Amino acid sequence: MTRFRARVSADGDSACWRTLARRALRAGIAPERLDWIEDGKDDDLFPVDAPWPEEDPARAPVLSRAALTLIETALCHSDPVRHDLAYRLVWRLQDEAGLLAVSTDADVARLRRMAQAVRRDSHKMTAFVRFREQPGCNGRRRFCAWFEPDHHILRRVAPFFANRFTDMDWLIATPRGSIAWDGETLDVRSGAFTRPELADDLDQLWRTYYGATFNPARVKIQAMKSEMPRKYWRNLPETNDIPALLAGADARVRRMAAQQAAPAPAFHHSLRKRLPRVPEDRD
Amino acid sequence: MKRSMSDRLSILADAAKYDASCASSGTDKRNARKAGGLGSAGGGGICHAYAPDGRCISLLKILLTNFCVYDCAYCINRSSSNVERARFSVEDVVWLTLEFYRRNYIEGLFLSSGIIRSSDYTMEQLVRVARELRLTHRFGGYIHLKTIPDASPGLIEEAGLYADRLSINVEMPTEQGLAQYAPQKEAAGIRQAMGDVRGLIDAGRDRSHGGRRPPRFAPGGQSTQMIVGADAASDRDVLTSATRLYNGYRLRRVYYSAFSPIPDASALLPVRPPPLVREHRLYQADWMVRFYGFAADEITAAIPDGMLSLDLDPKLAWALANRALFPLDLNTASREMLLRVPGLGPKAVQALLAARQHRTIRVEDLTRLNVSVRKVRPFVSARGWSPTKLADRHDLGTLFAPKPQQMSLL
């Protein structure tokens, strides 16, 4: 049985996959006979791709808007099986229109999980990017950030940053590409950056806040880690203080407990003389 | 000598942290690319960091000042406490908010204050911060303002124009508790203020006869907080009080804050804090009411002393107390009943209802919905699975109770 190949870009762009999937459906190529190959991941076993069968103009592939949205999200996943899985699902959807509702189906469940992972990664990027100020020019302030996403999410999250940080220039560099904004153009590029050393004077004040808002009487390390996994820590300035905060927590609580009720400060007594509603001093 | 910015921040963040609220979701959509300025809001809310206490950090949560004329026993900032005092200027808070926001540390500001001079003076200061941010700096991020009881209506109205959310803490689950610990505060005054805010929020949603919208008022709604474990109120008291608040003032959230030991504690307070798990159980019960269709009195109906079990989550405890209703058939049970199965959440139930229109559900299918089969199995039946009748097992409690642990000596 002849096997066919579809070559797609590796950066989560769904346009190429859509074109090829539509053609493959028209040509009637079953998913088990189609190999999806990412750019740069070629093997040399079959140097020449077999030509695809003629497309049948009578076949009109259909895909609901909801299905397309789900698939486009899942295609941002970094798992190389995503193209194959997405095509198999589209193939099956042609005969089983209600398939997407069957979350207990293995293919549907897997695609949904991939989409979920992409949404989570995108959400974490909006949360954990830290802009560091750089010398500006032309009166506009300029910031740089470094982030390490798990999936191909730059195009998905770029509008969030442009809608929020509109009045400043910024660049977010990642191992998968970059997003830049200059007040007019939102520029998303692929191509790896290396991690730069970034610093900002405000980081120290932020760490002061982080330490002060922590309540040493309720240590819940697991709750913190499940929402802010270790892999993000090295790019978050505040996480440098976590070991010291934890080490000092017990002593702080013991100090609070041992603190005897000292005499109230002077202004407390003068207040009580002024405010008629206050009942007699209880001390 | 004036304290440094870093010292002021440290004191005034420390003083603000006993307020549990950190929500930044559920407000109107805003977007600086359309509106100009800086900032956006209206999405699902973002937690920008987590502290080692497991709490999310979404907003810059600070007090304008921790000087206070009140002397509430549970509060770190009461006038008789010897904590260090500090005060921010309006410009300080505006600067901190904008600079933190630009670096993507925060979603916005949660500003509260000790009461200084008078309620109106204090509220005026809070409103000035919000006005500066919104009008002078065209800040589009999230703003949560605390409303000061007894502040004049004009100030509250202006606060609601700039703030996404307003809140007043009821502090204690019962009026007796409030009278005991905060003799200068009046439950009636707090309720009155919440009622006024509700009226303004409702009015901000109604169109006039001509179809014109009035200016939006606090589109993120209002919330409140009560301290749990400082007084003798039972969980039933807490939940009853919360239900009244949700219904009466249409609150977005009621936060439960396990009374936490504070520096220089008042002699009125209990020596030991309540277990944190009590707070957790209350939130679970709160969820059952808001998302699972339980009535508050159902949850505590089978509990003589009105205290939720610390070992079992309240949904499981309810199911065990009502075991005759189970097992439920996954393929035929109603949505309302499926929501009562321990281990099934609203999303899983929705997915089940959709899937079973096309396929017959087996118990193994639940893993694909990210449901723990082990938890759910005793309570459901499906093709190829029927559990031992729960009512037939007398050792049922032990199946779910956590393994015994060495108790803490203290």
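Looking at an unreviewed UniProt entry, chain A carries the name Uracil DNA glycosylase, with the source organism given as Tanticharoenia sakaeratensis NBRC 103193.

Per the secondary structure count, chain B includes 15 helices and 12 strands. Expected size for 410 residues packed as a compact globule is a radius of gyration near 22 Å; at 24 Å, chain B falls within 12% of this value. On the principal axes, the C-alpha backbone points of chain B span a range of 75 × 55 × 40 Å. Out of the 410 residues in chain B, the part that is buried amounts to 57%.

Below, the discussion takes up the UniProt feature "domain: DUF4130" (unreviewed entry) in chain A. The positions UniProt marks with the feature "domain: DUF4130" (unreviewed entry) are residues 82-238 of chain A. Helix makes up 41% of residues 82-238 of chain A and strand 18%, and the two end C-alpha atoms of the span are 35 Å apart.

A separate point is the domain arrangement of chain A. Here the domain parsing of chain A yields domain 1 (4-122), domain 2 (129-190) and domain 3 (201-283). Between domain 1 of chain A and domain 3 of chain A, the C-alpha centre-to-centre distance is 52 Å.

Looking now at the nonpolar core. As a rule of thumb, soluble globular proteins bury nonpolar side chains together. W170 of chain A together with F100 of chain B are the most contacted members of the largest nonpolar core, which totals 164 residues. Among the elements that take part in this core, helix α3 (residues 90-102) of chain B stands out by supplying 7 residues, more than any other. Setting aside anything within four residues of it in sequence, one finds W170 of chain A in contact with F131, F143, A158, F161, A162, F165, I179, A180, W181 and L186 of chain A. Membership of the second largest hydrophobic core comes to 30 residues, among which are F4, V8, W52 and M114 of chain A.

This part takes up the packing of helix α7 (residues 187-205) of chain B against helix α8 (residues 235-249) of chain B. With their axes 10 Å apart at the nearest point, α7 of chain B and α8 of chain B run at an angle of 40° to one another. Contacts between α7 of chain B and α8 of chain B involve R191, M194, G195 and R198 of chain B on the former and, on the latter, L245, N247, G248 and Y249 of chain B.

For the rest of this paragraph, the subject is the interface of chain A and chain B. The partner chain B presents 74 residues to the 77 residues of chain A that form the contact. Roughly 6,500 Å² of surface becomes buried between chain A and chain B when both sides are summed, with 57% attributable to carbon and sulfur atoms. For the chain A face of the interface with chain B, the top three residues by lost area are R164, Y209 and R218 of chain A, together amounting to 13%. Where chain A touches chain B, the interface holds 9 salt bridges. One salt bridge connects D71 of chain B with R272 of chain A, and the closest N-O pair in it is separated by 2.8 Å. Taken together, chain A and chain B are joined by 29 residue pairs in polar contact (both at pLDDT 80 or more). When contributions to the side of chain A that touches chain B are tallied by element, the ones reaching two or more residues are α4 (106-128), β4 (140-146), α5 (154-164), α6 (202-213), α7 (221-227), α8 (242-258) and α9 (266-274) of chain A. Considering only residue class, the side of chain A that touches chain B consists of 45 nonpolar, 13 polar and 19 charged.

Counted according to the given criterion, the structure contains 25 aromatic pairs over all chains. Geometrically, the ring pair formed by F131 of chain A and F165 of chain A is edge-to-face, given 5.1 Å between the ring centres and 70° between the ring planes. With F131 of chain A in the loop between α4 and β3 (132-137) and F165 of chain A in the loop between α5 and β5 (169-174), the pair connects residues that are 34 residues apart, well separated along the chain. Residue class for F165 of chain A comes out buried when judged on its relative accessible area of 0%. Pairwise contacts between aromatic rings join F131, F143, F160, F161, F165 and W170 of chain A together with Y101 and F139 of chain B into one cluster. Between R340 of chain B and the ring centre of F294 of chain B, over which it is positioned, the NZ or CZ distance is 4.1 Å. Between R377 of chain B and the ring centre of W385 of chain B, over which it is positioned, the NZ or CZ distance is 5.5 Å.

As a further point, take helix α1 (residues 14-26) of chain A. Residues and elements named next belong to chain A. Across its 13 residues, α1 extends 18 Å between first and last C-alpha, which sits within 8% of the 18 Å expected from 1.5 Å per residue. Measuring from the backbone nitrogen of A15 back to the side-chain oxygen at the start of α1 gives 3.3 Å, which picks out D13 as the cap. Following α1 by one or two positions, G28 has its phi on the positive side, about 70°.

Glancing now at the confidence of the model for chain A. Per-residue confidence for chain A averages 90 on the pLDDT scale, and 93% of its residues sit at or above 70. Across residues 278-283 of chain A, where pLDDT falls below 50, the model places 11 contacts with residues more than four positions away in sequence or in other chains.

Moving on, we get to the environment of G177 of chain A. Take G177 of chain A: it is sitting in strand β6 (residues 177-181). With 29 residues separating them along the chain, G177 of chain A and E148 of chain A place their C-alpha atoms 9.9 Å apart.

Okay, a positive patch on the surface next. Residues R112, R119 and R156 of chain A together with K347 of chain B make up a contiguous surface patch of positive charge. Position of R156 of chain A relative to the elements: it lies in helix α5. By relative accessible area, R156 of chain A is classed as partly exposed at 37%.

All names here are of chain B. Taken as a whole, this structure holds 47 salt bridges over all chains when the rule is applied. Note that D164 and R30 form a salt bridge whose closest N and O atoms lie 2.9 Å from each other. Highlighted residues: D164 in the loop between α5 (153-162) and β8 (165-167) and R30 in strand β1 (residues 30-31), separated in sequence by 134 residues. For the salt bridge of D164 with R134, the shortest nitrogen-to-oxygen distance reads 3.0 Å. Here D164 is found in the loop between α5 and β8, whereas its partner R134 is found in helix α4 (residues 119-136), with 30 residues between them in sequence. The buried category is assigned to D164, whose relative accessible area is 0%. For R134, a relative accessible area of 14% puts it in the buried group.

The subject of this paragraph is the domain arrangement of chain B. In terms of domain boundaries, chain B breaks down into domain 1 (5-220) and domain 2 (314-400). In this structure, domain 1 of chain B and domain 2 of chain B have C-alpha centres spaced 42 Å apart.

Whether parallel or antiparallel, the strands of a sheet pair through hydrogen bonds between backbone atoms. Residues and elements named next belong to chain B. Taken in spatial order, the 6 strands of this open sheet run β5-β6-β7-β8-β9-β10, and their pairing is parallel. Two strands lie at the open edges of the sheet, namely β5 (59-63) and β10 (253-258), each paired on one side alone. Geometrically, the sheet is characterised by an average inter-axis angle of 20° between neighbouring strands, direction not taken into account. With 4 bridges connecting them, strand β6 (residues 108-112) and strand β7 (residues 142-146) associate as parallel partners. Directly across from G108, in β7, lies its bridge partner Y142. Taken strand by strand, α7 contacts β8 and β9 (222-228), and its axis lies near 155° from that of β9.

Cut-offs used in this document
- Residues numbered from 1 in each chain as written.
- Chains lettered and ligands numbered in written order.
- Predicted model: local features only at pLDDT ≥ 70, side-chain atom pairs only at ≥ 80, totals over all residues.
- Heavy atoms only, no water.
- Helix = DSSP H or I, 4+ residues; strand = E, 2+ residues; numbered from the N terminus.
- Rg over C-alpha atoms; globule rule 2.2 N^0.38 Å.
- Buried < 20%, exposed > 50% of the residue type's maximum accessible area, 1.4 Å probe, protein only.
- UniProt positions renumbered as here; feature names shortened; annotations may be inferred.
- Domains from an automatic or database assignment.
- Core = buried A, V, L, I, M, F, W, Y, C linked by side-chain atoms within 4.5 Å.
- Contact = heavy atoms within 4.5 Å.
- Axes fitted to C-alpha atoms, helices over the stretch in contact; angles between N-to-C directions.
- Buried area = accessible area lost by both parts, 1.4 Å probe.
- Salt bridge = Lys/Arg side-chain N within 4 Å of Asp/Glu carboxyl O.
- Polar contact = N/O pair within 3.5 Å; in protein donor to acceptor, adjacent residues only side chain to side chain.
- Nonpolar A, V, L, I, M, F, W, Y, C, P; charged D, E, K, R; others polar.
- Phe/Tyr/Trp six-rings, centres within 6.5 Å; stacked < 30°, edge-to-face > 60°.
- Lys NZ or Arg CZ within 6 Å of the ring centre and 35° of its normal.
- Expected span 1.5 Å × (residues − 1).
- pLDDT = per-residue confidence, 0-100.
- Patch = residues over 30% accessible without salt bridge, like charges linked within 9 Å, V, L, I, M, F, W, Y side chains within 5 Å.
- Areas by Shrake-Rupley, 256 points an atom, 1.4 Å probe, with all protein chains shown as cover.
- Lys, Arg positive; Asp, Glu negative; His and termini not counted.
- Charge placed at Lys NZ, Arg CZ, Asp CG, Glu CD.
- Pairing = 2+ DSSP bridges.

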